[in-house]
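Okay, here's what each chain looks like letter by letter:
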Amino acid sequence: ETPVRSRRSADRRGADREVLAHLLETRNGSAGATRASQALAAGCDRSESPMESLSRGRMIEAGLPRPECNVEIRFAGRRARVDFWWAELGVVGECDGRVKYDELNLNGDALWREKRRAEWLQDLGLEVARWGSPEVADDALMMCRRFWRAVERQRRCAWSLLPGVHIDAPLEDSCAIRPLWTP
């Protein structure tokens, strides 16, 4: 179990982070305390699924830059919430499971909306790296490769965000499910 998943599990059980931090300080130096301290520091309150938490844990293990989680991007009356955002790189990360498409798919509508959403993000000057559970389940090599390819595409084109685009991180305690895309 990754440190981030452990942290998420503790959060769901109502663990007080300040109390946990204090307990870990008193056990400074033990192997378990070091790993637990990393989990406490690395966790993201805005993760909305176990796969997002696992992806974040794999990013930390692989040494990827730390992203902001569940950020809203707005432009010209449209909005989209993305799973991960690397502001300094102009890269969006999206981790989706098959359930998203199986349960929501009515005559291909979910897939079509997701395609249009990704195109809109790219039109704003962003690169989108996508992955699913197979890419993070073992060692996350493919997730990392997709991330670095998106970074490289941005570097080659000297990316810039379209003027007027607003990017907002939700409040730390805001975990309500919000629409993914408002065309």
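Rules used in this analysis
In this convention, every chain numbers its residues from 1, walking through the sequence in written order. For this predicted model, a pLDDT threshold of at least 70 governs which residues receive local features, and a threshold of 80 or more governs which side-chain atom pairs are given and counted, while totals over whole chains, interfaces and linings are taken from all residues. In computing side-chain values, all of the structure's heavy atoms are included and hydrogens and water are not. Partly exposed residues are those whose accessible area sits between 20% and 50% of the maximum for their type, while under 20% is buried and over 50% is exposed, using a 1.4 Å probe and protein chains only. The helix and strand labels rest on DSSP assignments: H or I over at least four residues marks a helix, E over at least two residues marks a strand, and numbering proceeds from the N terminus. By the convention used here, strands pair only if DSSP detects at least 2 bridges between them.

K.L.:
In this structure, what is going on with the pairing of strand 2 (residues 78-86)? I would like to understand it.
P.N.:
Where a strand is regular, its side chains alternate between the two sheet faces. Burial within strand 2 is extensive, with 7 of its 9 residues counted as buried. With 7 bridges joining them, strand 1 (residues 68-75) and strand 2 adopt antiparallel strand pairing. The residue bridging isoleucine 73 from the neighbouring strand is alanine 80, located in strand 2. The loop that links strand 1 with its antiparallel partner strand 2 comprises 2 residues; one of these, alanine 76, has a positive phi angle of about 50 degrees. Pairing between strand 2 and strand 3 (residues 91-95): 3 bridges, direction antiparallel. If you follow phenylalanine 84 over to strand 3, its bridge partner there is glycine 93. The turn linking strand 2 back onto strand 3 is made up of 4 residues, and glycine 90 within it adopts a positive phi angle of 70 degrees.

K.L.:
Honestly, the pairing of strand 1 in this entry has me stumped. Any pointers?
P.N.:
In the sheet, strand 1 pairs with strand 5 (residues 166-168) via 3 bridges, with the strands oriented antiparallel. Among the inter-strand pairings, isoleucine 73 is bridged to a residue of strand 5, identified as isoleucine 167.

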